[in-house]
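Tertiary structure, described
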2 protein chains.
Amino acid sequence: MEELVLKVISQKGGNNMNNLLVAQSGGPTVAINASLVGVLQGVRASSKVDNVYGAKNGIDGVLKENFIDLNEVLRNTEAMDTLCYTPSSALGTCRHKMGDWRKDEVPYKKIIDVFYKYNIKYFIYIGGNDSMDTVDKLSEYCKVNDHDFIIMGAPKTVDNDLNLTDHSPGFGSAAKYIATSISELERDIAAYDVPAVTIVEIMGRNAGWLTAAASLARVNGSAGADLIYLCEKAFDNARFIKDVKDKIAKKSSILVAVSEGVKDSQGNYVSDQISSGAVDNFGHKYIAGAARALEQLVRNEIGCKVRSIELNLMQRSAAHIASETDIIESCMLGQKAVNCALDGETGRMAAIKRLSDMPYRVEFISVPVDQVANHEKIVPMEWITPEGNDVTEELVAYMKPLIQGETNIKYENGIPKQIKLY
Amino acid sequence: MEELVLKVISQKGGNNMNNLLVAQSGGPTVAINASLVGVLQGVRASSKVDNVYGAKNGIDGVLKENFIDLNEVLRNTEAMDTLCYTPSSALGTCRHKMGDWRKDEVPYKKIIDVFYKYNIKYFIYIGGNDSMDTVDKLSEYCKVNDHDFIIMGAPKTVDNDLNLTDHSPGFGSAAKYIATSISELERDIAAYDVPAVTIVEIMGRNAGWLTAAASLARVNGSAGADLIYLCEKAFDNARFIKDVKDKIAKKSSILVAVSEGVKDSQGNYVSDQISSGAVDNFGHKYIAGAARALEQLVRNEIGCKVRSIELNLMQRSAAHIASETDIIESCMLGQKAVNCALDGETGRMAAIKRLSDMPYRVEFISVPVDQVANHEKIVPMEWITPEGNDVTEELVAYMKPLIQGETNIKYENGIPKQIKLY
């Protein structure tokens with residue numbers, strides 16, 4: 001691994017410099033660093049930007065003036081290439097949701113001071129819903145107070161729940177990992193000829209896109225998950241047990257995919273429902289996920305062999321099986337955000353517009369960030385089967401192009417090569 | 001996916017045919033099908049064998065005469081190539097430990113009858129400890145009763161706990177998945193700047209080899225897991241909490257790897273110790289793994305952000321990141337088992353002898369199966385640090401060659417291509 005020394009940025013140049021600042025925020029993904037590389041490529045393709053800085057740990061790093069000189073740490077294409085295939089947020093991340101500037105102007109004033117101090121003309125924020133909220137509020141604050149700064153968003157989220165973009169960077173790679181893992185688990189459980197239920201919990205509190213990826217093995221004629229429950233549809237325990245019984249009657253070993261956020265018709269998380277009474281030897285409450293709760297339910301109600309699996313953080317960090325389509329698009333969105341910024345757009349987010357499925361064609365656009373922030377794009381009900389235990393072919397067709405292609409990831413001593421920026 | 005129709009084998013040819021039967025047993029791995037391919041290659045390279053059959057679900061399939069004609073279902077090199085990269089046991093598996101033939105001869109007589117009926121001269125059993133026990137008992141039964149059958153074992157286990165072989169097929173690929181996932185998780189957790197403990201549970205009830213693979217990212221200068229607890233050494237809760245506190249004082253976000261089978265000095269599983277009192281809303285006992293139990297312990301004793309992750313079945317089925325070294329060696333061991341069988345060896349297992357680490361060189365040998373069956377090769381104490389919270393450089397050096405190389409896996413619609421034999 002290349003270790004690059006953190007350089008503390010000193011205030012360079014005069015007042016007529018135009019510098020660009022970029023930061024990453026929210027949950028890490030496999031593709032968020034490709035967007036960072038795209039930002040750098042966009043900057044280098046232009047003569048309008050002098051220096052390009054990265055803020056550490058999102059907006060927190062802006063407030064703390066915790067900057068990295070990206071031209072310094074990413075000097076050559078090899079480093080940029082490695083960064084494209086390095087998972088997680090190389091600049092670090094934060095979960096800082098900015099308050100209303102009408103109520104408390106202090107942090108906004110601080111940011112503006114920092115922008116003036118470092119001659120930052122352009123700020124690109126790569127992130128999800130909360131990050132787009134920051135882009136929205138900050139750009140609005142600048143407009144209202146006549147500060148001539150440009151604030152642009154670049155999308156990122158494994159959850160694929162961002163509004164106004166066909167899909168979000170990070171989703172395709174996570175979906176590819178899930179599709180691949182499910183197809184491998186399918187082979188694993190098929191080796192035994194005893195009745196068994198394997199329940200796989202997949203990320204998604206309110207949006208079931210990632211869970212839907214458990215269907216993708218079907219494009220190769222496999223079953224993928226036999227039953228799929230998305231968090232968009234009310235979950236019913238009795239119905240679930242019936243579904244499982246019906247399936248294991250036909251096929252002894254079955255695979256069930258379930259969103260972490262499945263809830264009953266009252267909106268209660270399934271996990272809470274089943275596990276709320278459990279305490280450990282210290283008398284503390286057990287926090288169980290949905291799959292574990294359902295494992296317990298199957299054990300109690302059916303009594304067959306049952307196992308729960310959480311794809312956990314691996315699904316958002318498995319860069320070794322990133323989707324080439326996802327990485328290329330993420331990079332393009334970073335470039336698009338810069339190009340829009342250089343064209344004077346502010347308070348907007350780079351986004352993807354799908355032109356066609358087959359052949360898969362997209363266009364990179366920009367959309368008003370106030371219609372992205374605080375919205376959540378969930379799976380449409382018509383893409384979930386009426387029984388609520390599977391997804392439709394339309395949903396499979398939507399996802400299929402997003403997992404295509406394998407990246408040119410380099411291995412070093414048998415392990416994927418990575419780069420650290422600090 | 002290529003679907004191949006199951007052909008029920010009819011009794012072919014006369015009494016002077018020499019057929020070969022192969023079966024797979026025990027927990028599936030990423031490499032066990034490569035050994036099956038090796039068996040087939042060994043057969044095809046010789047003129048001594050007429051037909052080659054696969055028994056479905058291990059010795060159970062032998063008893064039930066549930067056979068597949070392998071020359072039929074694996075006709076071309078493309079199918080064999082795909083099989084090498086398909087995880088799990090393509091012939092199915094079982095967990096059937098044969099009883100003592102001195103006490104109950106019936107199943108042994110049945111097997112012998114089946115061998116005569118199908119003109120099976122050679123039987124190759126690919127599997128772990130229990131499967132080698134079957135090879136041992138069956139070959140002994142044949143010798144004592146003057147049956148001229150050849151019974152050979154080919155090793156397989158992700159646990160790497162087989163005696164008399166330097167390492168076992170399946171281990172290298174699982175270790176590569178673990179090393180890669182740990183290095184990816186390391187990047188993921190490093191993105192946040194709040195104190196956090198992430199505990200990763202890795203397979204191994206009695207042997208900690210796989211857990212030790214959490215150290216492998218170090219060969220590239222990363223930390224890998226910051227603390228590693230193998231099941232070979234008695235686990236002490238207080239000591240663990242102290243280790244964690246010491247580490248998070250220096251580095252806010254830390255990664256801990258722990259064997260599923262860690263036990264205290266009395267031999268009690270850590271998971272039982274902590275979770276035995278927990279019951280769900282139905283009043284049933286909660287079954288928690290070691291990592292989940294330790295997560296609860298950290299939450300109670302330290303109170304910082306803590307998460308547990310189980311690599312679960314993915315670690316033994318992630319064919320998409322198989323080790324090329326592992327796949328090649330697994331194939332060679334299948335061939336070696338056949339070659340030994342054709343040379344008249346019986347009651348033995350094909351094995352690997354390491355000649356040197358750098359350059360990595362091995363020799364394929366055969367060893368007496370009675371010294372493999374019912375033995376367990378655990379991690380030597382001198383390869384665990386005196387503090388019991390890490391592994392030594394010698395252990396890293398032992399594992400490093402086993403994860404080298406990436407396979408030439410083919411993708412179809414963005415997902416690794418697989419083959420089903422029935």
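We now turn to the structure provided with this report. Since the structure is predicted, the reported quantities are computational estimates derived from the model, not experimental observations.

**Observations concerning the packing of aromatic side chains**
Residue and element names in this part refer to chain A. A complete count under the given rule lists 30 aromatic pairs over all chains for this structure. Between Phe-67 and Tyr-118, the ring centres sit 4.9 Å apart and the planes meet at 75°, which makes this aromatic pair edge-to-face. Taken together, the residues Phe-67 in strand E4 (residues 67-69) and Tyr-118 in the loop between helix H5 (106-117) and strand E5 (120-127) connect sequence positions 51 residues apart. Of the residues examined, Tyr-118 reaches a relative accessible area of 7% and is grouped as buried. Measuring from ring centre to ring centre gives 5.2 Å for Tyr-229 and Phe-235, while their planes differ by 70°; the resulting arrangement is edge-to-face. Accessibility assignment for this pair places Tyr-229 and Phe-235 in one class, buried. Pairwise contacts between aromatic rings join Phe-115, Tyr-116, Phe-123, Tyr-125 and Phe-149 into one cluster.

**Details of the sheet that holds strand E7 (residues 196-202) of chain B**
Sheet strands pair via backbone hydrogen bonds, and the direction of the pair is either parallel or antiparallel. All names here are of chain B. Strand order in the open sheet formed by four strands is E8-E9-E7-E10, and the pairing between neighbours is parallel. Since the sheet does not close on itself, it has two edges, and those belong to strand E8 (227-229) and strand E10 (305-310), each with one partner. Going across the sheet, the axis of each strand differs from the next one's by a mean of 15°, ignoring polarity. Two strands pair when backbone bridges link them, and E7 and E10 are joined in this way by six bridges, in the parallel orientation. Each residue of the ladder has a partner; that of Val-200, found in E10, is Ile-309.

**Focus on the interface of chain B and chain A**
Taken residue by residue, the interface counts 82 residues in chain B and 82 residues in chain A. Summed over both partners, the interface of chain B with chain A comes to about 6,900 Å²; 49% of that surface belongs to carbon and sulfur atoms. Between Arg-292 of chain B and Glu-310 of chain A there is a salt bridge; the shortest N-O distance is 3.2 Å. Summed over the shared surface of chain B and chain A, the number is 36 residue pairs in polar contact (both at pLDDT 80 or more). Secondary structure elements with two or more residues in the side of chain B that touches chain A: helix H7 (171-190), helix H10 (270-275), helix H11 (290-301), E10, helix H12 (314-317), strand E13 (411-412), strand E14 (415-416) and strand E15 (419-420) of chain B.

**Some remarks on the relation of the copies chain B and chain A**
For the match of chain B to chain A, the screw axis carries a shift of 0.0 Å, the RMSD comes to 0.0 Å, and the turn is 180°. On this basis, the relationship between the two copies can be described by a two-fold rotation axis. Most of the interface of chain B is mirrored in chain A: 100% of its interface residues are interface residues there too.

**Considerations on the state of the cysteines**
Think of a disulfide as a covalent bridge from one cysteine sulfur atom to another cysteine sulfur atom. Residue and element names in this part refer to chain B. In the structure shown here, the tally under the stated rule is zero disulfides over all chains. Of the cysteine sulfurs around Cys-142, a residue in no disulfide, the closest is that of Cys-340, at 17 Å. What makes Cys-142 buried here is its relative accessible area of 1%.

**Describing the environment of Tyr-53 of chain A**
Residue and element names in this part refer to chain A. Among the secondary structure elements, Tyr-53 is positioned in strand E3 (residues 52-55). Note: C-alpha distance between Tyr-53 and Leu-402 (349 residues apart in sequence) is 31 Å. Of the polar contacts made by the side chain of Tyr-53, one reaches the side chain of Asn-51; its length is 3.4 Å.

**A short note on helix H13 (residues 324-342) of chain B**
Residues and elements named next belong to chain B. The first and last C-alpha atoms of H13 sit 27 Å apart over 19 residues, in line with the 27 Å expected at 1.5 Å per residue. Two to three positions downstream of the cap, the backbone nitrogen of Thr-325 sits 3.3 Å from a side-chain oxygen, assigning the N-cap of H13 to Ser-323. Trailing H13 by a residue or two, Gly-344 shows a phi angle of about 95°, which is positive.

Definitions and cut-offs
Residues numbered from 1 in each chain as written. Chains lettered and ligands numbered in written order. Predicted model: local features only at pLDDT ≥ 70, side-chain atom pairs only at ≥ 80, totals over all residues. Heavy atoms only, no water. Phe/Tyr/Trp six-rings, centres within 6.5 Å; stacked < 30°, edge-to-face > 60°. Helix = DSSP H or I, 4+ residues; strand = E, 2+ residues; numbered from the N terminus. Buried < 20%, exposed > 50% of the residue type's maximum accessible area, 1.4 Å probe, protein only. Pairing = 2+ DSSP bridges. Axes fitted to C-alpha atoms, helices over the stretch in contact; angles between N-to-C directions. Contact = heavy atoms within 4.5 Å. Buried area = accessible area lost by both parts, 1.4 Å probe. Salt bridge = Lys/Arg side-chain N within 4 Å of Asp/Glu carboxyl O. Polar contact = N/O pair within 3.5 Å; in protein donor to acceptor, adjacent residues only side chain to side chain. Least-squares fit on C-alpha atoms with pLDDT ≥ 70 in both. Disulfide = S-S within 2.5 Å. Expected span 1.5 Å × (residues − 1).

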